[in-house]
Amino acid sequence: MLKIGLGSPQYGLFTDPATISGFAAEVETIGYDSLWVGDRALVPTQPRDPYPGGGPVPDEYRAFLDPIATLSFLAHATSRLRLGTSTLNAPFYSPLLLARSLTTVDILSGGRLDIGFGLGWSSDEYEAIGVPWPGRGARMEEILDVLDHVWSGTEAEHKGELWTIPSAHIETLPVQRPRPPVLLGGFTPATLERIGRRADGWAGVALPVPQLAYVISQIRQSAEANGRDPDALRTVVRVNPVVTAEDAPSEAVPHRGTVVQVSDHLLAAHAAGADEVLIDLQQTARDADELTDLAHRFHEHLRKG
């Protein structure tokens, strides 16, 4: 059965605590499976890198709450929903402190954390944070190594190219063992190989169905080549709906065309191998009431399909 998730209120118009907690409680009642947060440190006025979604960086990203703090807030506001990151730019963070933060969320949520890691797309953010842009793939590999060591439950010790952790006792461990699920985002051959080799799945986006099927096949091939069960890996497909041409300002049911077209595409993605879909409505809705209304309509349409 297709699992359905939503982007949690976190940025743009939707940073009010009452909006976040109220929306989380409502979508849990509706029957959604998960809520997800993203990771944005700044929006450069003159970006050096193209925005992956095409066009300019969305204005909504100019106000963006911290993802880990938002997840902790959501852990308190919900009781059943899975809580995930789509995606957390792992190279921005010290892996030891990242392990502590993610462990805290998993504990506070009672073991409901899904971790989606990405490399990000903005060299401006890397520069502002003080992390080298070159070598970020190797940095991701070592971050994953550190997390595995810290979460092993034995004495944590790591000696790598970037970080050295002395033998130490770290007994604050995630509820989920041996770790919360780790999904990786990206499209490069190196990323797809890494997913099949050591991750629990792909934090993807709603590509055209043939491209989506190809990416999933590459991940499965990597898993098989590394002696892993490809059927054990998850694919979570994300979409940030934009208003379609059918959605005229005067239409009786706002965003009808968007709901239908996006839902139909996500159902096709499910048929192509996606296990879960994630809909971020913060660039579609114009206020908190419309955000909730769209959540109702997307869930109804996807469940009908």
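Just so it is clear, the model here is predicted, and its values are computed rather than measured.

Asker: Please explain the overall build of the chain as it appears in this structure.
Answerer: A tally of helices and strands in the chain yields nine helices and 11 strands. Relative to the compact-globule value of 19 Å for 305 residues, the chain shows a C-alpha radius of gyration of 19 Å, a close match. Excluding contacts between residues fewer than 6 apart, the proportion of contacts in the chain whose partners are at least 24 apart in sequence is 73%.

Asker: I would appreciate a short explanation of the side chain of Asp-49 in the present structure.
Answerer: Mapped onto the secondary structure, Asp-49 falls in the loop between β2 (34–37) and α2 (67–77). No salt bridge forms around the buried Asp-49; measuring N to O, its nearest opposite-charge neighbour Arg-48 is 5.2 Å away. Only 2.6 Å separates the side chain of Asp-49 from the side chain of Ser-123, close enough to count as a polar contact. With residues near it in sequence (within four places) discarded, Asp-49 still touches Trp-121, Ser-122, Ser-123 and Asp-124.

Asker: Looking at this structure, how should I read the packing of aromatic side chains?
Answerer: How two aromatic rings sit relative to each other is set out by the distance from centre to centre and by the angle between their planes. As enumerated under the stated definition, the model contains nine aromatic pairs in all. Measuring from ring centre to ring centre gives 5.5 Å for Tyr-51 and Trp-121, while their planes differ by 70 degrees; the resulting arrangement is edge-to-face. Taken together, the residues span a long stretch of sequence, with Tyr-51 in the loop between β2 and α2 and Trp-121 in the loop between β5 (113–118) and α4 (123–129) at a distance of 70 residues. The exposure classification of Tyr-51 matches that of Trp-121, with both residues buried. Three or more aromatic residues link up through ring pairs in this structure, and these residues are Tyr-11, Tyr-51, Tyr-61, Phe-64 and Trp-121. A cation sits over an aromatic face here: Arg-136 above Trp-133, 3.7 Å from the ring centre.

Asker: Teacher, can you tell me more about the packing of helix α1 (residues 17–30) against helix α9 (residues 288–304) here?
Answerer: Helix-helix packing is described using two parameters, namely the angle between the two axes and the distance between the axes. Their axes nearest at 11 Å, the elements α1 and α9 cross at an angle of 20 degrees. The orientation of α1 relative to α9 falls into the category roughly parallel. Between α1 and α9 lies a crossing whose hand is right-handed. Mapping the contact onto sequence places Thr-19, Phe-23, Glu-26, Val-27 and Ile-30 in α1 and Ala-288, Leu-291, Thr-292, Ala-295, His-296 and His-299 in α9. The residue makeup of the contact of α1 with α9, split by class, is six nonpolar, four polar and one charged.

Asker: What should I look at first to understand the environment of Leu-6 in this one?
Answerer: In this fold, Leu-6 is placed in strand β1 (residues 3–7). Those residues in contact with Leu-6 that lie beyond four places of it in its chain are Phe-23, Val-27, Tyr-32, Ser-34, Leu-35, Trp-36, Leu-278, Ile-279, Leu-281 and Ala-295.

Asker: Is there a simple way to explain the pairing of strand β10 (residues 234–239) in this structure?
Answerer: Within β10, five of the six residues are buried, which leaves it mostly tucked inside the rest of the structure. One ladder, built from five bridges, connects strand β9 (residues 201–205) with β10; its direction is parallel. Across the sheet, residue Trp-202 finds its bridge partner in β10, namely Thr-235. Once you follow β9 into helix α7 (residues 209–225) and on to β10, the crossover reads as right-handed. Two strands pair when backbone bridges link them, and β10 and strand β11 (residues 276–279) are joined in this way by four bridges, in the parallel orientation. Within β11, the residue paired with Arg-238 across the bridge is Leu-278.

Asker: What is the right way to read the nonpolar core from this model?
Answerer: If you look at soluble globular proteins, the nonpolar side chains tend to sit buried side by side. By size, the foremost hydrophobic cluster in this structure holds 71 residues, and its most contacted members are Leu-6, Val-27, Tyr-32, Leu-35, Leu-102, Phe-117 and Ile-279. Looking at this core element by element, the count peaks at six residues for helix α5 (residues 136–150). Excluding its chain neighbours within four sequence positions, the residues that come into contact with Val-27 are Leu-6, Tyr-32, Leu-35, Arg-80, Leu-81 and Ala-295. Counting residues in hydrophobic clusters, the runner-up holds six residues, among them Tyr-51, Tyr-61, Phe-64 and Trp-121.

Conventions adopted
- Residues numbered from 1 in each chain as written.
- Predicted model: local features only at pLDDT ≥ 70, side-chain atom pairs only at ≥ 80, totals over all residues.
- Heavy atoms only, no water.
- Helix = DSSP H or I, 4+ residues; strand = E, 2+ residues; numbered from the N terminus.
- Rg over C-alpha atoms; globule rule 2.2 N^0.38 Å.
- Contact = heavy atoms within 4.5 Å.
- Buried < 20%, exposed > 50% of the residue type's maximum accessible area, 1.4 Å probe, protein only.
- Lys, Arg positive; Asp, Glu negative; His and termini not counted.
- Salt bridge = Lys/Arg side-chain N within 4 Å of Asp/Glu carboxyl O.
- Polar contact = N/O pair within 3.5 Å; in protein donor to acceptor, adjacent residues only side chain to side chain.
- Phe/Tyr/Trp six-rings, centres within 6.5 Å; stacked < 30°, edge-to-face > 60°.
- Lys NZ or Arg CZ within 6 Å of the ring centre and 35° of its normal.
- Axes fitted to C-alpha atoms, helices over the stretch in contact; angles between N-to-C directions.
- Parallel < 35°, antiparallel > 145°, perpendicular 65-115°, else oblique.
- Left-handed = near helix turned anticlockwise from the far one by under 90°.
- Nonpolar A, V, L, I, M, F, W, Y, C, P; charged D, E, K, R; others polar.
- Pairing = 2+ DSSP bridges.
- Right-handed = clockwise from strand over helix to strand, strands pointing away.
- Core = buried A, V, L, I, M, F, W, Y, C linked by side-chain atoms within 4.5 Å.

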